[in-house]
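Here's the letter readout for the chains.
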Amino acid sequence: MSVLEVKGLSGGYGKTPIIWEVSMEAKVGQVVSIVGPNGAGKSTFMKSLFGITDVTGGEVVLDGQNVKGLPSFRLARAGMAYVPQVDNIFTTMTIKENLEMGGYSNRRGLAQRVEVVLEIFPDLKAAQNRKGGELSGGQRNMLGMARALMADPKVLLLDEPTAGLSPIYVDVVWDQVGRIAKTGTAIVVIEQNVDRAISNSEWVYVLVAGRNRLDGPASQVAALD
Ligand code: ADP
Ligand code: ADP
């Protein structure tokens, strides 16, 4: 079942269109990658899904509900979470305290939710009392994802979670993405490196100049690469 369906989405910043009739879908528990050259509009597309940029046309259906044009806080309530490329974790708070800030609506269940999320992130669990400012780049990126997961989203949008990481951390972060998907959350992830996208996702979408160029199962896109 597609938990996210995007049909013909167009938009950009103010009156300047950046993406044109972009379509994609993600099914329950799937990892779907978006690749394409720099400036292709990958980040803009993701921001437009999360209500940050201006949408001029198209449809966004989240778990059967039409959510196009909703502001971010309403999208979050409907089950979408977004982790921007620039991390905004709290450096003076511990991992655990950062997770407690993660937008879980049921205050009484908060401590329990933190434990559930830490189970999905073994590296963070092992370091749960360390402060945000003491973490490696890879751990910070994972903390950003973990905090987004606190809200138990149906769809998790990740804007290049491996950007700027050394190769060893890139693999750790991708393993982590796979672990999240296994819990049933659908993940849409931007990745610069096509080979990495192919080896770590089920479906790959290629965006060029703000438009869908091609998409397919990772094996098929690998054959075209
Ligand atoms: P359902 O959508 O009913 O759960 P499937 O998961 O078998 O059925 O997928 C139906 C079709 O969608 C198949 O042709 C499959 O190749 C294709 N598909 C699977 N994932 C994606 C995706 N992320 N984007 C586009 N098409 C996809
Ligand atoms: P990608 O993520 O594929 O590298 P982006 O979505 O970041 O591409 O950028 C697509 C285009 O949108 C670029 O031409 C970029 O200059 C433009 N752009 C990005 N952010 C803004 C902004 N805040 N205001 C205006 N234009 C922007």
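As annotated in an unreviewed UniProt entry, the chain carries the name High-affinity branched-chain amino acid transport ATP-binding protein LivF and comes from Acidithrix ferrooxidans.

Peer 1: I'd like a description of the overall build of the chain, backed by residues and values.
Peer 2: A count of helical and extended segments in the chain gives nine helices and ten strands. Taken over the C-alpha trace, the chain has a radius of gyration of 17 Å; the compact-globule value for 225 residues is 17 Å, and the two agree within 12%. Along the three orthogonal principal directions, the C-alpha set of the chain runs to about 45 × 35 × 30 Å. Within the chain, the fraction of its 225 residues that count as buried is 48%. Long-range contacts, defined as pairs at least 24 residues apart, comprise 68% of the intrachain contacts of the chain with a sequence gap of at least 6.

Peer 1: Go over the pattern of salt bridges, please, and point to the residues and values.
Peer 2: Throughout the structure, instances matching the rule amount to nine salt bridges. For the salt bridge of Lys27 with Glu25, the shortest nitrogen-to-oxygen distance reads 3.2 Å.

Peer 1: Give me the lowdown on the site of ligand 1, citing residues and values where you can.
Peer 2: Around ligand 1, the neighbouring residues are Met1, Glu25, Lys27, Gln30, Val32, Trp203 and Tyr205. Lys27 is positioned with one of its side-chain polar atoms (N or O) 2.5 Å from an oxygen atom of ligand 1. Here a nitrogen atom of ligand 1 sits 3.4 Å away from a polar atom, N or O, in the side chain of Trp203. Across the complex, the protein chains shield 48% of the 560 Å² of accessible surface that ligand 1 would expose by itself. Put simply, the parts of the chain that give the shell around ligand 1 at least two residues each are strand 2 (16-27) and strand 9 (203-208).

Criteria and thresholds
Residues numbered from 1 in each chain as written. Chains lettered and ligands numbered in written order. Predicted model: local features only at pLDDT ≥ 70, side-chain atom pairs only at ≥ 80, totals over all residues. Heavy atoms only, no water. Helix = DSSP H or I, 4+ residues; strand = E, 2+ residues; numbered from the N terminus. Rg over C-alpha atoms; globule rule 2.2 N^0.38 Å. Buried < 20%, exposed > 50% of the residue type's maximum accessible area, 1.4 Å probe, protein only. Contact = heavy atoms within 4.5 Å. Salt bridge = Lys/Arg side-chain N within 4 Å of Asp/Glu carboxyl O. Near = heavy atom within 4 Å. Polar contact = N/O pair within 3.5 Å; in protein donor to acceptor, adjacent residues only side chain to side chain. Areas by Shrake-Rupley, 256 points an atom, 1.4 Å probe, with all protein chains shown as cover.

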